Structure formats: structure tokens, C-alpha cells
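What follows is each chain in one-letter form.
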Amino acid sequence: MAERSYTSREELDQYGFHPGVTVMAPLVCILLQAMLPKTFPWLIHIDLPLIATIFFAVSRRSPIAGTVTGTLIGLFQDGLTNHPFGVDGIAKGVVGYVAASIGFAVDVDNIINRVGLVFTLSMAQSGLLYVIAHWLLGDVSYRFLPVVELISAAANCVVAIPMFAVLDRFRIRD
Amino acid sequence: MLITIVLLQVIALAMQVQRPSKDAEMPASARAMEDAGSAPDGKHVSLLRRWTVTAMTPLETAVHSSSVKVRGAWGNYVNLLHTRQQDAQLKNEVARLREEEASFAEDAQQGRRLQTLLGFKESYVTSTVAAQVIGTSGSERSHVLYLDKGSEDGLKPEMAVITPDGVVGKIRDVFPHTSQLLLISDPSSGAGVILATTRIRGIVKGTATGRVEIDNLTADSRIKAGEPVVTSGGDLVFPRGLPVGTIESIAPDPLHQPYTAIVIKTAANLNRLEEVLVITGTSAALPPAAAQDAATAEATQDANQRAADLIAEKLPSLHPEGDASPPAAGADGKPVSDDPESQVGGAVGYINSGLPRPKPAVHPDKFTPGTVPPATELTPGAPASAPQKPQE
């Protein structure tokens with residue numbers, strides 16, 4: 001059996017996914033995101049596609065893959081809203097890039113690190129969306145509501161832990 | 001890589017938010033209400049959105065229809081348990097509504113006569129398409145729902161969407177089997193409204209937090225919480241007179257002084273929409289079914305009037321001969337008279353509510369009605385006070 005030598009965290013912990021999982025997992029997240037708030041309106045504060053973006057970015061540890069995955073998920077989300085294409089695309093693209101970059105530096109299999117990462121990136125996405133809507137699109141009605149954003153970020157953390165555990169099962173070591 | 005992708009999307013955003021020139025024939029009020037998010041997309045953006053929606057809605061429809069079947073089976077069982085009781089209740093309600101309809105028939109007929117005289121163009125809802133909500137936008141910043149009916153069912157952009165409770169929103173984008181409903185709580189949404197009591201006109205808009213507000217009115221002491229709000233018809237989307245909601249609160253708007261933020265509690269529950277009606281046709285004439293109802297109500301009204309006349313002929317009159325003038329109506333619609341001696345009945349302001357009122361006593365004593373305070377105000381053991389002058 002050939003021996004492998006690991007020289008960095010990227011090589012040590014880099015994972016891949018089956019193409020079916022790569023496509024279906026974000027699609028299921030977007031579908032649930034669109035359907036669940038119809039029955040449970042308060043679930044609108046949870047961002048399942050964001051959690052999927054963070055998971056795939058930190059698992060692959062490739063900023064390019066993270067950016068592309070985040071952008072595609074964000075653009076798909078934009079398609080279901082009445083906003084112009086690119087609002088969520090830019091925000092999730094940046095989140096994917098940052099998540100993959102952080103994945104180099106910290107152990108993202110640790111639950112505490114995962115919670116901290118999801119919370120921070122949820123708040124970062126809210127800030128990015130505010131900047132895009134308020135400054136780029138000139139939508140003065142858009143307001144940054146700190147309490148709501150904090151609650152959303154906390155709710156994302158609660159959902160992210162079991163969701164990461166489920167998605168971990170589909171990881172394949174590269 | 002990141003910079004390239006972000007830059008490309010920024011350029012794409014800039015191209016999308018370029019506003020097309022407005023239609024010159026569009027009224028100013030309707031133009032004021034239109035926002036970027038409420039207008040249908042351009043050609044290329046529409047294609048992208050169509051692909052996205054086409055990929056997503058079959059899944060949503062499948063999940064929705066299976067959940068409807070499961071809930072329907074359970075609901076049918078539960079409903080059967082209470083059918084007999086509900087049937088009796090509904091029969092009573094129909095009878096009560098028939099009586100009410102008859103009493104409103106004359107007013108409605110008079111209103112239509114006046115509208116004809118003034119050349120006022122009323123629009124009646126003639127056709128609607130019932131649609132089910134199959135999904136949402138999935139974003140808390142976009143108050144958009146997806147319906148299971150599309151262009152093949154006769155839906156078009158800018159059609160008004162209602163429920164039996166009130167206004168819900170309008171159709172934003174239409175696909176062959178699906179359509180996008182923009183709720184009135186979306187920041188890009190708007191509708192012309194009238195405050196039902198004060199007849200003040202305003203524009204109702206959604207906010208980023210999902211509330212519905214009128215933010216183009218200055219402070220006015222006549223506007224009170226609880227006042228109903230109905231559509232004005234000025235936006236050319238919603239027919240006139242549809243209920244929007246009631247005023248929940250009035251407060252100065254710190255961001256848009258000197259205007260006030262009048263928060264509306266919507267008549268329809270926008271968070272729990274299952275089925276909606278899309279208004280696909282309006283007409284200046286009363287629809288046949290409504291016309292038939294009006295004729296029936298008028299006939300009932302005539303029959304009631306004849307019966308009342310017959311009874312009045314057989315009973316002795318309490319009014320002096322020749323005094324046939326109707327009593328003045330109060331603010332609440334109940335008849336009011338200034339002269340207490342002309343009142344007939346036990347309560348001031350209400351005629352025919354009982355026996356004739358006695359004339360006031362010349363020398364009131366403790367037996368005169370109205371001189372003794374009610375028992376709840378009396379103190380045991382306290383000395384008796386002198387009789388007061390009777391209250392009128």
C-alpha cells in the first residue's frame with residue numbers, strides 16, 4: 001500500500017463529495033427554505049442555504065470552490081425572490097470564500113468552532129446584505145435590525161450542528 | 001477569483017436595476033406606488049428567473065399536493081363530526097344575512113342611482129381564479145409567494161389577489177403553471193387606499209420588517225386606531241372598496257418628518273395564506289349573480305315594508321297627526337332627537353323602544369324616577385339626602 005505524507009492542514013483534512021450530494025444537498029436546503037415558512041412562518045429567520053454554503057466551503061477547504069458554491073446557491077435563492085440576481089449571490093460568494101479560508105486555520109470538526117463559525121458568518125452575511133441593499137441598490141427602506149440578526153444567527157447555529165453531523169456522513173477524503 | 005465573481009455580479013446588478021422609462025399614460029398615483037421590486041423583470045432576467053422557478057416549483061407542487069391529501073383525509077373525518085351542528089348554524093346565519101341584505105338593498109340602489117347621476121365609474125369583480133399557495137421566496141426580505149396557477153389559467157402580471165377577508169397583494173411575474181404573488185407587506189409593494197370613516201386617501205406600503213404602513217399622511221386628529229381601511233381603486237390594480245385592514249397604531253415617523261407612520265393590521269392573515277383568489281376580470285356593470293341577489297333583496301325589502309305598513313295602519317299612532325318627518329340620525333347611525341318630550345320609549349334617543357315617556361314631575365320627591373342614586377352608590381347607615389332634580 002502506498003504511503004501518503006501530509007504536509008499541511010489543507011492536505012490533512014480536505015474532503016470531497018459525490019456529485020449527487022454536491023447538487024442535491026443545496027437543492028434540498030433551498031426547497032425546505034422555500035416550503036417550511038409557509039407552514040411555520042418563524043422559520044424564515046433560519047438560512048439553510050447559508051449553512052450548506054459554509055459546510056461545503058469548510059469541508060473542501062478550497063476558496064475557489066467555496067466562492068463558486070456560495071455564488072451558485074445565492075443566485076438560485078435570488079431567482080425565487082423579487083430582488084435582482086446577485087444580491088444573495090455576492091453575499092454567499094464572499095461567505096464561501098471566507099469560510100474556506102478559515103477552514104485552513106482552525107479545526108472545523110470541533111463543535112465549538114463550528115458554532116462560532118456559523119454565528120460569525122451569519123452576522124457577516126447580514127452585514128453584506130445590508131451593504132448591498134442600502135449602498136449598492138440604494139434601497140433606503142432596508143434596515144439592519146441587530147436583535148433580529150442576532151436571533152437569526154443563533155437559530156442558524158442551532159440548526160447547523162445536526163445538519164453538519166448529517167452531511168459529515170457524505171464526506172469522502174480526497 | 002472572488003473579486004472577479006463579485007465584480008461580475010455587481011455589473012449584473014447595475015444592469016438589472018436600470019429603470020425603463022415609465023408609460024406616459026400611467027396615472028401619477030399609480031406611478032408613485034410602483035417600485036423596482038414590484039415590476040416584472042426584463043427579458044434576460046425573466047429567463048433566468050423562469051429557469052430557477054421551473055426547477056423548483058415541480059418539487060414544491062409535489063410536496064404541497066401530497067401534504068394536502070394527507071391533511072384533507074384527516075380534515076374530512078374531523079369535519080364530518082360537526083357537520084349537523086354547523087349546518088344548523090349556517091342556516092341561521094343565512095337567514096340573518098338575508099334580512100341584513102334586504103335592509104341594505106335600498107341604500108345600495110340609491111347609491112347606484114347617485115353613481116349613475118354623477119357619471120361615476122364603479123368596477124365590480126366579475127371573475128376570479130382560485131389558487132393555492134405552494135411556496136415562499138425563502139427570504140425574510142422578500143415577501144413573495146408562489147401560486148399553483150399561471151398564464152395557462154388566465155393569470156397576468158398586475159392582477160389583484162384577495163381572500164374573502166381582504167386584499168393580499170398582486171401578481172408580479174407569471175410562468176406557464178406558476179405565478180409569483182407579491183404581498184402588500186413587501187417594501188416594493190403599494191396600493192391606493194381610503195380611510196373608511198374620514199375618507200382620507202393614502203398609499204399603503206410594506207416595510208422591511210413585513211409591516212404594512214401608510215407613510216404619506218401628515219398628523220391628523222381625525223385618524224384614530226381601529227378605523228377600517230379600504231382600497232381606493234386609484235392604483236388601477238385593486239378594485240375600489242376591498243378591505244385592506246384596520247389602523248393599528250399612529251405614530252410620528254422619525255425618518256420622514258412631518259409624516260406619520262400609520263400601521264395597518266391587515267384583514268387577511270398574510271403569514272398563513274393557503275388559498276387565494278386572483279381577480280381576472282372586472283366590469284362596470286353589476287355581475288349577473290350579484291344583480292339577482294340585489295333583486296331578491298329588493299323584493300324582500302318591499303315585502304317587509306308592506307308588512308310594516310299593514311301593522312302601522314292597524315295600530316294607533318303615537319305621533320301627532322302630520323308629523324311624518326324622520327328622526328335625525330346620530331353619528332352611530334341610530335336615530336336621535338333633541339326634544340325629550342317628543343321621545344317615545346324608555347331610552348333617550350331611541351324611538352319605539354317601549355312605553356311613552358312620562359312628563360317630568362313639577363315637584364320631584366323621592367319617588368320620582370331618576371332622583372335616587374343607584375344602590376351601588378349608597379352607603380349603609382348614611383343619612384338620607386334631599387331628593388335631586390330628575391335627570392333628563
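If you're wondering where the values come from, they're calculated on a predicted model, not measured in any experiment.

**Q** Explanation requested: the overall build of chain B in the structure shown.
**A** When you go through chain B residue by residue, the secondary structure sums to 5 helices and 14 strands. Here chain B holds 392 residues, and the buried ones make up 32% of them. In chain B, 56% of the contacts between residues at least 6 apart in sequence involve partners at least 24 apart.

**Q** Sorry, what's going on with the packing of aromatic side chains here?
**A** Centre-to-centre distance and the angle between the planes together describe a pair of aromatic rings. On inspection of all chains with the given rule, the structure shows 7 aromatic pairs over all chains. Pairwise contacts between aromatic rings join Phe17, Phe55, Phe56 and Phe164 of chain A into one cluster.

**Q** Explanation requested: the interface of chain A and chain B in the structure shown.
**A** One widely used convention gives an interface's size as the accessible area the parts lose upon coming together. Chain A puts 45 residues into the contact, and the matching count from chain B is 46 residues. Summed over both partners, the interface of chain A with chain B comes to about 3700 Å²; 66% of that surface belongs to carbon and sulfur atoms. When the buried area of chain A at its contact with chain B is split by residue, Lys38, Asn82 and Phe85 of chain A rank highest and sum to 22% of it. On inspection of chain A and its partner chain B, the count reaches 2 salt bridges. In this structure, the salt-bridge partner of Glu274 of chain B is Lys38 of chain A, at a minimum N-O distance of 4.0 Å. Applying the counting rule to chain A against chain B returns 17 residue pairs in polar contact (both at pLDDT 80 or more). At the level of elements, helix H2 (19-39), helix H4 (63-80), helix H5 (87-105), helix H6 (111-136) and helix H7 (146-168) of chain A are the ones that each hand at least two residues to the side of chain A that touches chain B. Among the elements that line the side of chain A that touches chain B, the one with the most residues is H4 of chain A, at 10 residues. Among the residues making up the side of chain A that touches chain B, the classes are represented as 26 nonpolar, 15 polar and 4 charged.

**Q** Explain the sheet that holds strand E11 (residues 259-266) of chain B here, please?
**A** Strand-to-strand pairing in sheets goes through backbone hydrogen bonds, with the strands running parallel or antiparallel. All names here are of chain B. Reading around the barrel, the 6 strands line up as E6-E7-E8-E11-E10-E9 and close back on themselves, with antiparallel pairing between neighbours. Within this sheet the neighbouring strands show an average axis-to-axis angle of 45°, counted without direction. Here strand E6 (residues 190-195) pairs with strand E9 (residues 228-231) via 3 bridges, running antiparallel. Pairing of Leu195 across the sheet is with Val229, part of E9.

**Q** What should I look at first to understand the packing of H2 of chain A against H4 of chain A in this one?
**A** For any two helices packed against each other, the geometry comes down to the angle between their axes and how far apart the axes lie. All names here are of chain A. Closest axis-to-axis distance for the H2/H4 pair is 11 Å, and the angle between their directions is 30°. Judged on the interaxial angle alone, H4 and H2 are roughly parallel. H2 and H4 meet at a crossing whose hand is right-handed. Within the contact between the two elements, H2 uses Pro26, Leu27, Ile30, Gln33 and Ala34 and H4 uses Ile73, Phe76, Gln77 and Leu80. Here the residues of the contact of H2 with H4 are counted per class, giving 7 nonpolar, 2 polar and no charged.

**Q** Explain the pattern of salt bridges to me, please; I cannot follow it from the model alone.
**A** Once their charged atoms are close, side chains differing in charge can pair, the charge on each being opposite to the other. Taken as a whole, this structure holds 14 salt bridges over all chains when the rule is applied. The partner of Arg141 of chain B in a salt bridge is Asp88 of chain A, with the nearest N and O atoms 3.4 Å apart. In this pair, Arg141 of chain B is assigned in the loop between strand E1 (124-136) and strand E2 (144-147) and Asp88 of chain A in helix H5, connecting two distinct chains. You can call Arg141 of chain B buried: its relative accessible area is 17%. A salt bridge links Asp173 of chain B to Arg172 of chain B, with the nearest nitrogen and oxygen atoms 4.0 Å apart.

**Q** Just to check I follow, could you spell out the environment of Gly89 of chain A for this structure?
**A** Residue and element names in this part refer to chain A. Structurally, the position occupied by Gly89 is in helix H5. Taking the relative accessible area as the measure of exposure, Gly89 reaches 0% and is therefore buried. Sequence-wise, Gly89 and Phe76 are 13 residues apart; in three dimensions their C-alpha atoms are separated by 8.0 Å.

**Q** Is there a simple way to explain the sheet that holds strand E5 (residues 179-183) of chain B in this structure?
**A** Residue and element names in this part refer to chain B. With antiparallel pairing, 6 strands are arranged side by side around a closed barrel as E1-E2-E5-E4-E3-E12. In this sheet, adjacent strand axes meet at a mean angle of 45° when their direction is disregarded. Pairing of strand E4 (residues 167-174) with E5 involves 5 bridges; the strand directions are antiparallel. Among the inter-strand pairings, Val174 is bridged to a residue of E5, identified as Ser179.

**Q** Any chance you could explain the confidence of the model for chain B here in plain terms?
**A** For residues with low pLDDT, the predicted coordinates do not support detailed interpretation. Residue and element names in this part refer to chain B. Looking at chain B as a whole, its pLDDT mean stands at 78, while 78% of the residues score no less than 70. Predicted confidence for residues 340-350 stays below pLDDT 50, and this span has 32 contacts to residues more than four positions away or in other chains. In the predicted complex, the global pTM is 0.71; the interface-specific ipTM is 0.86.

**Q** Before we go on, may I ask you to explain the packing of H2 of chain A against helix H3 (residues 48-60) of chain A in this structure?
**A** Residues and elements named next belong to chain A. It is at 8 Å that the axes of H2 and H3 come closest, and there the two elements cross at 160°. The pairing of H2 with H3 is recorded here as roughly antiparallel in orientation. Here Val21, Thr22, Ala25, Pro26, Cys29, Ile30, Leu32 and Gln33 of H2 come into contact with H3, specifically with Leu48, Pro49, Ala52, Phe56 and Arg60. Class assignment of the residues belonging to the contact of H2 with H3 gives a composition of 10 nonpolar, 2 polar and 1 charged.

Rules behind the numbers
- Per-chain numbering applies: the sequence of each chain, read as written, is numbered from 1 onward.
- Chain letters and ligand numbers both follow the written order, the letters beginning at A and the numbers at 1.
- Residues qualify for local features only when their pLDDT is at least 70, as the model is predicted, and side-chain atom pairs are given and counted only at 80 or more; totals for whole chains, interfaces and linings, by contrast, use all residues.
- The side-chain figures draw on all heavy atoms in the structure; neither hydrogens nor water molecules are used.
- In this text, helices come from DSSP runs of H or I with a minimum length of four residues, and strands from runs of E with a minimum of two, each type numbered from the N-terminal end.
- Throughout, exposure labels follow a simple rule: accessible area from a 1.4 Å probe, protein chains only, divided by the maximum for the residue type, with under 20% read as buried, over 50% as exposed, and the rest as partly exposed.
- Residue contacts are defined here by distance: any two heavy atoms, one from each residue, within 4.5 Å place the two residues in contact.
- Within 6.5 Å between ring centres, the rings of Phe, Tyr and Trp (the latter by its six-membered ring) count as paired, and their orientation is classed by plane angle as stacked under 30 degrees, edge-to-face over 60, tilted in between.
- When two parts are put together, the accessible area they lose, computed with a 1.4 Å probe and summed over both, is reported as buried area.
- Counted as salt bridges are all cases of a side-chain nitrogen of Lys or Arg within 4 Å of a carboxyl oxygen of Asp or Glu.
- Nitrogen and oxygen atoms within 3.5 Å of one another constitute a polar contact, given that in protein one can donate a hydrogen and the other can accept it, and given that sequence-neighbouring residues count only through two side-chain atoms.
- Each residue gets one of three labels, nonpolar for Ala, Val, Leu, Ile, Met, Phe, Trp, Tyr, Cys and Pro, charged for Asp, Glu, Lys and Arg, and polar for the others, Gly among them.
- Pairing between strands is defined by DSSP: at least two bridges between them are needed.
- Working convention: axes come from line fits to C-alpha atoms, limited for helices to the stretch in contact. Angles between N-to-C directions cover 0 to 180 degrees.
- Any angle between 65 and 115 degrees counts as roughly perpendicular, while under 35 counts as roughly parallel, over 145 as roughly antiparallel, and the rest as oblique.
- Here a crossing is taken to be left-handed if its near helix is turned anticlockwise relative to the far helix by less than a right angle, and right-handed if that turn runs clockwise.
- Per residue, pLDDT captures the predictor's confidence, and it can take any value from 0 to 100.

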